[in-house]
Amino acid sequence: MKALALYDFTAEPGNNELSVREGETLTVLNQAVGGGWIEAQNSSGESGLVPEDYLEINGTGSVPSSSDAYSAPTSSYTHTQVTNGNKPWSGGGAYSETAQGGWDAQQVGTGEDDDGEWDDEWDEGSVGGQSATGEEEGAAGRNPHTMKISLNKFPFSKTPNPEIFLLAKLPPKGKDRLPVYPGEVGPVWLYPQNPLDCVVADPKKGTKMYGLKSYIEYQITPNSTNRPVNHRYKHFDWLYERLLGKFGSAIPIPCLPDKQVTGRFEEEFIRMRMERLQGWMNRMCRHPVVSQSDVFQLFLSYRDEKEWKSGKRRTEKDETVGLMIFSIIDPEASELDPVEVEQKCDQYSRFTKSMDDGVKDLLTVGNTHWKRCTGPLPKEYHRIGKAFLNLSSVFSSSGYQGEAMLTDALTATGKIYQEIGEIVAEQPKKDLHFLLETNNEYKGLLGCFPETLAVHKAAIEKVKEADKMVAAGRINPQEKTTMKQRISTMSYSLQAEMNHFHSNRIYDYNRVMQLYLEEQINFYQRIADKLKQATSHFTTL
């Protein structure tokens, strides 16, 4: 059969893909490859894999494949294709407000994830691939006519209507209750007696589709079970989307480390990705609400494929998402005045904005210093060392018998300066790396606060309008009272989250600054020792 290429597609080297141009006619060799791919051949006789969504066969649009045959389970989630003109856009899980005042999670995308598809063997009945920030062989994202966008939890960054929570009829609080307690620093979450921790390690390369596609799988071992589970990057992405959808209105959920199109299997990239996934998991494990959630516990402790699939579908049907997360928050404190609520929100907004600016400034300065330490600065030491070696060579050519010790000392000093250059070049990996990584984490975390705070600000504005709404007959006086009570609940959750943020901030920066300064001391001590070594070669007149 013949197929028409609807869009340009650029193949990735070494991945058995075929580059095509929009309007090109291809011959279909195999429609049953699966996973959203078709094997095709161009007019030059070259063959390879092409995403099925990029092809039109016999004028019927994309080719039906085995992946289209499943029936998604009924739930509050719907699979939606978002388009930009005639070009497909695929992205992360978004949320849309329904007429009933609830939230439907739209799995925005083409059914592809970081690898270009969700594995049938991983969960053949799941509701599409919703990943927006995957890793391996994904076709969307590197093509000039299509890209993966990361839609946040609110459609196109639109803050949801706060009335969804402020005026909703809430069910009685059950086992999912999230208490907020008065602590020494103010409202705090309930922290577990045994803090959760995990280790991300042992990355291994695997293949699928008869070796046509490759991926990296990581082993995650939680301290709660000491039993390792295996996950690929797209599974982390699934977890991120679920956490973002459920907690994003109350708890900033930082993004995962970015995807990378090329060099995905290089040792350095895999090591760096594993380190950043470890940092992300550490932050999630340290959060008293996130770490105890059903979806996070499932991710870390599922026993077999059956338990994973049933748990995955169960979490995807969770209706306590978006603003409704506040319906299960239960502060053990008196109601706050709306004026105090607004003051707290403004205070947190100013602080997070200022800290974001400070973190970005430190990153700029640190990256500039890194480039200098690994670029021009070592070269300067090498040039100084070479100059000493050249002077030693000149001195040794004089033929004067009494200067041998001096020329030897100059030679030794030249070599020592070159060694110092190597020490300088390697130093950023020992100290600056951890400082910059910590600031990168906080940059991502702080970038989530504006949207979370926007939810609270929108609710505050709605409560301010309560009197007008009563006068207009839109709400009754009892509903006005309910709105004030619920904005107080939202404020307690925000205060608990900020107190958690501050305690982590103090711990993280104490730890990383201590490490940085200790390594700096070691660095200058090594240079001092080298200079003392050079000095010892020279005789005192």
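You'll find the structure just up there.
Source: prediction; values computed, not measured.

## Some remarks on the pattern of salt bridges
Working step 1: Applying the stated criterion to the full structure yields 24 salt bridges.
Working step 2: Among the ionic pairs, K353 bridges to D357, the shortest N-O distance being 2.8 Å. Of the two residues, K353 and D357 are both situated in helix α7 (residues 338–374); the distance of 4 residues between them amounts to about one turn of the helix.
Working step 3: Judged by relative accessible area, K353 falls into the partly exposed class, the value being 48%.

## Digging into the sheet that holds strand β3 (residues 37–41)
Strand pairing in a sheet relies on backbone hydrogen bonds. The paired strands run either parallel or antiparallel.
Working step 1: Judged by pairing direction, the sheet is antiparallel, and its 5 strands sit side by side in the order β4-β3-β2-β1-β5 without closing on themselves. Two strands lie at the open edges of the sheet, namely β4 (47–51) and β5 (55–57), each paired on one side alone. Neighbouring strand axes in the sheet, compared pairwise and without regard to direction, differ in orientation by 45° on average.
Working step 2: Note that strand β1 (residues 2–5) and strand β2 (residues 25–34) share 3 bridges and pair antiparallel. Within β2, the residue paired with K2 across the bridge is T27.

## Overview of unusual backbone geometry
Working step 1: We note that D202 has phi near 50°; this positive angle belongs to a residue other than glycine.
Working step 2: Looking at the element boundaries, D202 is found in strand β14 (residues 198–208).
Working step 3: In this structure D202 comes out as partly exposed when scored by relative accessible area, which is 37%.
Working step 4: Unusually for a residue other than glycine, N226 sits at a positive phi of about 55°.
Working step 5: With respect to the element layout, N226 can be found in the loop between β15 (213–222) and β16 (229–232).
Working step 6: Taking relative accessible area as the criterion, N226 reaches 60% and is therefore assigned exposed.

## Quick word on the environment of E307
Working step 1: Mapped onto the elements, E307 comes out in helix α6 (residues 305–316).
Working step 2: Leaving out residues up to four positions away in the same chain, E307 has contacts with L298, S301 and Y302.
Working step 3: Of note is the side chain of E307, whose polar atom sits 3.1 Å from the backbone nitrogen of R303.

Rules behind the numbers
Residues numbered from 1 in each chain as written. Predicted model: local features only at pLDDT ≥ 70, side-chain atom pairs only at ≥ 80, totals over all residues. Heavy atoms only, no water. Salt bridge = Lys/Arg side-chain N within 4 Å of Asp/Glu carboxyl O. Helix = DSSP H or I, 4+ residues; strand = E, 2+ residues; numbered from the N terminus. Buried < 20%, exposed > 50% of the residue type's maximum accessible area, 1.4 Å probe, protein only. Pairing = 2+ DSSP bridges. Axes fitted to C-alpha atoms, helices over the stretch in contact; angles between N-to-C directions. Contact = heavy atoms within 4.5 Å. Polar contact = N/O pair within 3.5 Å; in protein donor to acceptor, adjacent residues only side chain to side chain.

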